[in-house]
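Results of the structural survey
Each chain, written out:
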Amino acid sequence: TLYTEKAVDFINRNKENPFFLYVPHSMPHVPLGVSNKFRGKSDQGFYGDVMMEIDWSVGEIQKALEDNGLAENTIFIFTTDNGPWLNYGNHAGSSGGLREGKTSSWEGGQRVPCIVRWPGNVPQGVVCNKLASSIDLLPTLASIVGGNLSENKIDGVNIIDLWRGKTDVDPRQDLFYYYGTNNLNAVRKGNWKLVFPHTFQSYEATVPGNDGYGGRRINVKVDSLELYNLMRDPGERYNVIDMYPDILEELLAVGDKARTELGDLNVGIEKGTGNRAIGQLRQ
């Protein structure tokens, strides 16, 4: 509620100026907390109460835009950073049938919802199944406002055509699933995902905790290459690597490109040609 009140106040104070408002709710991350006005109101337990308050927050921010005459000229994006922390059981939400959850490179850990509202530009009620990522938000927004990006190479691409509902474009060709210190666990191109040998902590082989207590996870090793068609098999249950040798070869090339540019500790490549030192501000 405090985040929401601060956000609404910011909108009210800046209604005459262009602004960027970022509201990163710490909920529904554990440990959960909820205001008294929503506690016990959802009939879906503590986690449901938290989601009810987040829903209220989104509505209050949208209402503030409407009250100030800004709703029709504002881009409103709602998304999240990763999948659910499933070993927290009833405090963790659901991955909706996707495999595994947070801290893994399976779709349950990486794939998240994203809703964009931009009247007159983003068509209403359209579902986009094209490949995109949160790293694409920066170049997309920069293109809209005429902002200049750094001369350094960035990983995001401009996905404005997807926002506008164009179905015959593919601004993002591939995606790298890096995790840990610098481990390439998988790559994706179009609807195809190639998983490389790696070790991850699995939720599926253990019983989750409940009421704020996390359950155990166990280390599971992927011993060999696995190939999945995410359009037909978003849950990543059917390894079809023996059926599509041409697709395998194509995605292996994507993996080689990633390793050359960024490295991959899974195969002993500590540094790639594109790695650079962390930027620092000089006084």
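Overview of the structure. Note that residues are indexed from 1 along each chain, following the sequence as it is written. Note on the predicted model: pLDDT of at least 70 is required for a residue's local features to be given, and 80 or more for side-chain atom pairs to be given and counted; whole-chain, interface and lining totals, by contrast, use all residues. The side-chain numbers reported here are obtained from all heavy atoms of the structure, hydrogens and water having been left aside.

**Observations concerning the overall build of the chain**
The helix count covers DSSP runs of H or I at least four residues long, the strand count covers runs of E at least two residues long, and both are numbered beginning at the N terminus. A count of helical and extended segments in the chain gives 6 helices and 8 strands. Tracing the chain from N to C terminus, the helices and strands come up as α-α-β-α-β-α-α-β-β-β-β-β-β-α. Taken over C-alpha atoms, the radius of gyration is set against a globule rule of 2.2 Å times the number of residues to the power 0.38. Computed over C-alpha atoms, the radius of gyration of the chain comes to 21 Å, within 12% of the 19 Å expected from 2.2 N^0.38 for 283 residues, which places it in the range of a compact globule. In terms of overall dimensions, the chain has a C-alpha envelope of 55 × 45 × 45 Å along the principal axes. When a residue's accessible area, from a 1.4 Å probe over protein chains only, is under 20% of the maximum for its type it is buried; when over 50% it is exposed; and in between it is partly exposed. Residues classed as buried in the chain amount to 38% of the 283 residues present. Every residue pair with non-hydrogen atoms within 4.5 Å of one another is taken to be in contact. A separation of at least 24 residues holds for 56% of the contacts in the chain among residues at least 6 apart in sequence. Exposure was quantified through the Shrake-Rupley algorithm and a 1.4 Å probe, taking into account, for residues, occlusion by the shown protein chains and nothing else. When the accessible area of the chain is evaluated, it comes to approximately 17,400 Å², of which 51% is carbon and sulfur surface.

**Concerning unusual backbone geometry**
A cis amide bond links methionine 27 to the next residue, proline 28, at an omega of 15 degrees. Within the secondary structure, proline 28 sits in the loop between α1 (2–13) and α2 (45–67). In the segment running from valine 30 into proline 31, the intervening peptide bond is cis, with an omega of -5 degrees. By the secondary structure assignment, proline 31 is in the loop between α1 and α2.

**Concerning the packing of aromatic side chains**
Aromatic pairs are defined between Phe, Tyr and Trp rings, using the six-membered ring for Trp, whenever the two ring centres lie within 6.5 Å; interplanar angles under 30 degrees are classed as stacked, those over 60 as edge-to-face, and all others as tilted. The final tally for this structure, using the stated rule, is 6 aromatic pairs. Ring geometry for tryptophan 192 and tyrosine 244: centres 4.7 Å apart, planes at 55 degrees, overall tilted. One end of the pair, tryptophan 192, is in strand β5 (residues 192–195); the other, tyrosine 244, is in the loop between β8 (226–229) and α6 (245–262), and 52 residues separate them in sequence. A connected cluster of aromatic rings, assembled from ring pairs, spans Trp106, Phe200 and Tyr228. Here, over-ring charges are defined by two tests on the NZ atom of lysine or the CZ atom of arginine: distance to the ring centre within 6 Å, and angle to the ring normal within 35 degrees. A cation over a ring is seen here: lysine 102 above tryptophan 85, with NZ or CZ 4.1 Å from the ring centre. Across from the ring centre of phenylalanine 196, 4.4 Å away, lies the NZ or CZ of arginine 259, which sits over that ring.

**Thoughts on the nonpolar core**
Side-chain atoms within 4.5 Å are what join buried Ala, Val, Leu, Ile, Met, Phe, Trp, Tyr and Cys residues into a set we call a nonpolar core. Val187, Trp192, Leu194, Leu227 and Leu251 are the most contacted members of the largest nonpolar core, which totals 13 residues. Looking at this core, the elements that each hand over two or more residues are β4 (183–189), β5 and α6. When residues no more than four places from it in sequence are discounted, the contact partners of valine 187 are Leu175, Phe176, Tyr177, Trp192, Lys193, Leu194, Phe196, Leu251, Val254 and Gly255. Formed by 10 residues, the second largest nonpolar core is a distinct cluster that contains Ala186, Phe200, Val222 and Leu230.

**Observations concerning α2**
In this scheme, a helix's expected span is set at 1.5 Å multiplied by one less than its residue total. Here α2 spans 33 Å end to end across 23 residues, near enough to the 33 Å set by a 1.5 Å rise per residue. Burial in α2 covers these residues: Tyr47, Gly48, Asp49, Val50, Glu53, Ile54, Ser57, Ile61, Gln62, Ala64 and Leu65. Residues of α2 that are buried make contact with α1, β1 (76–79) and β2 (114–117). Phi turns positive, to about 70 degrees, at glycine 69, one or two residues after α2.

**Quick notes on α1**
With 12 residues, α1 extends 17 Å from end C-alpha to end C-alpha; this agrees with the ideal 16 Å at 1.5 Å per step. Turning to α1, its buried residues number three or more, namely Thr4, Ala7, Val8 and Ile11. One side of α1 holds all its buried residues, which, seen down the axis, span an arc of 95 degrees. Opposite its buried face, α1 presents the exposed residues Leu2, Lys6 and Arg13, each directed more than 90 degrees away. What the arc describes is the spread of directions from the helix axis to the C-beta atoms.

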